[in-house]
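Coordinate analysis (summary)
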Amino acid sequence: MSIHQATTLDVALGQRSYPVWIGHGLIADAARWRARLRGRHVLVVSNTTVAPLYLERLAQGLDGLTWSSFLLDDGEAHKSFANVERALEALAKLGATRDACVIALGGGVVGDLAGFAAACWMRGIDFIQFPTTLLAMVDSSVGGKTGVNLPAGKNLVGAFHQPRAVVADIDTLATLPVREYRAGLAEVIKGAAIGDEPFFAWLEAHAAALAAREDAAVIEAIARKVAYKAGVVARDETEQGERALLNLGHTFGHALETAGRYTALLHGEGVAVGMLLAARLSERLGMSEAADTARLQRLLETIGLPTAVPAGFDPEQLLALMRLDKKNTAGTLRLILWRGIGKAEIVSGVAEAEVLAVLREAVAR
Ligand code: NAD
Ligand code: GLY
């Protein structure tokens, strides 16, 4: 029996349902997660920052199995097709059979790539997510979106491939830089802003505790965001409708990330500014109230997230980047907009002039 306490949530997908465990000491709690392995081959995918911190702890739980590791260099640039090929070669070298398992130990970059390699090997083998960033715990490890970037754009190649389990060991957050931690909180706020007004109010009440990384508040925030996302994924696994709402702020955010060459803003920071711009656009279009935008801005600021477009960004270039978004259809902008706290909707045919006005105002602020 496991000696560790964990909050357990379930992503309900019939026979492919899986647990998300959130708590302390979970990497070392091999009795718990080894029950989700079916075979004896394991490839651990991690990176050169995370592996020196946590691979040894994980390896102790792999005793008696045939396993090896494949390490990426650190950074978004390494979420590449070339590295998928290398991961597949590592599986071949391991002699991985159809019951093999890929373990992702790291943030969203590692998780997305490892999951995609698992989806490709022998047309799909198991994988288990061990997220080590807050962003990966509350977002990328749950829901089965896997993939890599191409020079032509981010996340252009991928597959829906659900993990067998998600093991969110809170202890790993102790080494996470504060900027990365806050970027993860942006994804928590996003979930509440889209579909859970009581959770948003809870975040407002606990913003100081979260900014100070107080344990109980962090665990509850992760659990509530995962529960919200798990519900959306269970209802709309392959994003035919509701799941698209999870992209609130992403069209603005991706444009900001790209314009900043992926160095000016982290993904979660782009989402924070992007959500605020989506809120301002919604307000401008008469869909939401100024008071809701103000609440969102206040919460982001209390957490220490950016709320302004970085100086020097060009509104026209940002609009051009937004035109490339995957959600658009035949030459019109399709955005996730806001009806206020806890209510988002997909809006097609948004007038570019309105978007440009919001961008110009944001750059001038
Ligand atoms: P990341 O994986 O690059 O990790 C951020 C940084 O933190 C990296 O430098 C990493 O090495 C370091 N790190 C990770 N864990 C650490 C720890 N415990 N201690 C110290 N350092 C640690 O970035 P991320 O924010 O976790 O994920 C972003 C990626 O996730 C993007 O590629 C994005 O497209 C993807 N994403 C995917 C989904 C999805 O549904 N699949 C959702 C959101 C984001
Ligand atoms: N991060 C958005 C999704 O998983 O759908």
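Refer to the structure above for everything that follows.
All of these numbers come straight from a predicted model, not from anything done at the bench.

Thresholds, definitions, all that
- Residues numbered from 1 in each chain as written.
- Chains lettered and ligands numbered in written order.
- Predicted model: local features only at pLDDT ≥ 70, side-chain atom pairs only at ≥ 80, totals over all residues.
- Heavy atoms only, no water.
- Phe/Tyr/Trp six-rings, centres within 6.5 Å; stacked < 30°, edge-to-face > 60°.
- Helix = DSSP H or I, 4+ residues; strand = E, 2+ residues; numbered from the N terminus.
- Buried < 20%, exposed > 50% of the residue type's maximum accessible area, 1.4 Å probe, protein only.
- Lys NZ or Arg CZ within 6 Å of the ring centre and 35° of its normal.
- Near = heavy atom within 4 Å.
- Polar contact = N/O pair within 3.5 Å; in protein donor to acceptor, adjacent residues only side chain to side chain.
- Nonpolar A, V, L, I, M, F, W, Y, C, P; charged D, E, K, R; others polar.
- Areas by Shrake-Rupley, 256 points an atom, 1.4 Å probe, with all protein chains shown as cover.
- Core = buried A, V, L, I, M, F, W, Y, C linked by side-chain atoms within 4.5 Å.
- Contact = heavy atoms within 4.5 Å.
- Pairing = 2+ DSSP bridges.
- Axes fitted to C-alpha atoms, helices over the stretch in contact; angles between N-to-C directions.
- Salt bridge = Lys/Arg side-chain N within 4 Å of Asp/Glu carboxyl O.
- Patch = residues over 30% accessible without salt bridge, like charges linked within 9 Å, V, L, I, M, F, W, Y side chains within 5 Å.

1. Things to note about the packing of aromatic side chains
Following the criterion strictly, the structure yields two aromatic pairs and no others. Seen from their ring centres, Trp33 and Phe130 are 5.2 Å apart, and the 90° between their planes marks the pair as edge-to-face. Taken together, the positions of Trp33 in helix 1 (residues 30–34) and Phe130 in strand 6 (residues 126–131) put the pair 97 residues apart, joining distant regions of the chain. Here Trp33 matches Phe130 in class, with each residue buried. Measuring from ring centre to ring centre gives 6.0 Å for Phe199 and Trp202, while their planes differ by 35°; the resulting arrangement is tilted. On the criterion of helical spacing, the pair formed by Phe199 and Trp202 is a turn pair, its members being three residues apart in helix 7 (residues 197–205). Accessibility classification places Phe199 together with Trp202 in one group, the buried group. Over the ring of Trp21 we find Arg32, and its NZ or CZ is 5.4 Å from the ring centre. The ring of Tyr181 has Arg213 sitting right over it, with the charged end atom 4.4 Å from the ring centre.

2. Considerations on the site of ligand 2
Around ligand 2 sit Asp139, Lys145, Lys229, Glu239, Arg243 and Leu246, and those are all the residues in its vicinity. A distance of 3.2 Å separates a nitrogen atom of ligand 2 from a polar atom in the side chain of Asp139. With respect to ligand 2, the side chain of Lys145 contributes an N or O atom lying 2.9 Å from an oxygen atom. When grouped by side-chain class, the residues that make up the shell around ligand 2 number one nonpolar, no polar and five charged.

3. Focus: the site of ligand 1
With respect to spatial proximity, 27 residues lie near ligand 1, and among them Glu76, Gly108, Thr132, Thr133 and Thr175 are the closest. In the model, an oxygen atom of ligand 1 is placed 2.7 Å from a nitrogen or oxygen of the Glu76 side chain. Separating a nitrogen atom of ligand 1 from a backbone N or O atom of Thr172 is a distance of 2.9 Å. Starting from 870 Å² of accessible surface for ligand 1 in isolation, the protein chains cover 90%.

4. What about the nonpolar core?
Taken as a class, soluble globular proteins show a tendency for nonpolar side chains to be buried jointly. Residues Ile22, Ile189, Leu210, Ile222 and Val355 are the most contacted members of the largest nonpolar core, which totals 84 residues. With near-sequence residues (within four places) excluded, Ile222 lies in contact with Ile22, Leu134, Met137, Val138, Ile170 and Leu173.

5. A look at the sheet that holds strand 9 (residues 165–169)
Pairing in this open sheet of seven strands is mixed, and the strands run 1-2-9-6-5-3-4 from one edge to the other. The sheet is open, and its two borders are formed by strand 1 (6–11) and strand 4 (66–72), each paired with just one other strand. Adjacent strand axes in the sheet meet at a mean angle of 15°, parallel and antiparallel pairs treated alike. As defined by bridge partners, strand 6 adjoins strand 9 across two bridges and the pair is classed as parallel. Its bridge partner lying in strand 9, Gln129 is registered against Val166. The strands that helix 3 (residues 81–94) touches are strand 3 (41–47), strand 4 and strand 5 (101–106); relative to strand 4, the one it contacts most, it runs at about 165°.

6. Looking at the pattern of salt bridges
Side chains that carry opposite charge are capable of pairing whenever their charged atoms lie near each other. Counted according to the given criterion, the structure contains 20 salt bridges. With a closest N to O distance of 3.8 Å, Lys79 and Glu76 form a salt bridge. Its relative accessible area of 3% is what places Lys79 among the buried residues. Since its relative accessible area comes to 26%, Glu76 is described here as partly exposed. Residue Arg235 pairs with Glu242 through a salt bridge whose shortest N-O separation is 2.9 Å. Among the residues examined, Arg235 registers a relative accessible area of 56% and is labelled exposed. Each of Glu76, Lys79, Asp112 and Lys154 takes part in one network of salt bridges that share partners.

7. Some details on a nonpolar patch on the surface
A surface patch of nonpolar side chains, about 260 Å² in accessible area, is lined by Phe81, Leu150 and Leu156. With a relative accessible area of 42%, Leu156 lands in the partly exposed category.

8. Topic: the environment of Val45
Here Val45 lies in strand 3. In this structure Val45 comes out as buried when scored by relative accessible area, which is 0%. As a C-alpha pair, Val45 and Ile103 span 58 residues in sequence and 6.0 Å in three-dimensional space. Apart from residues no more than four positions distant in its own chain, Val45 is found in contact with Phe70, Val102, Ile103, Ala104, Leu105, Val110, Leu113 and Ala114.

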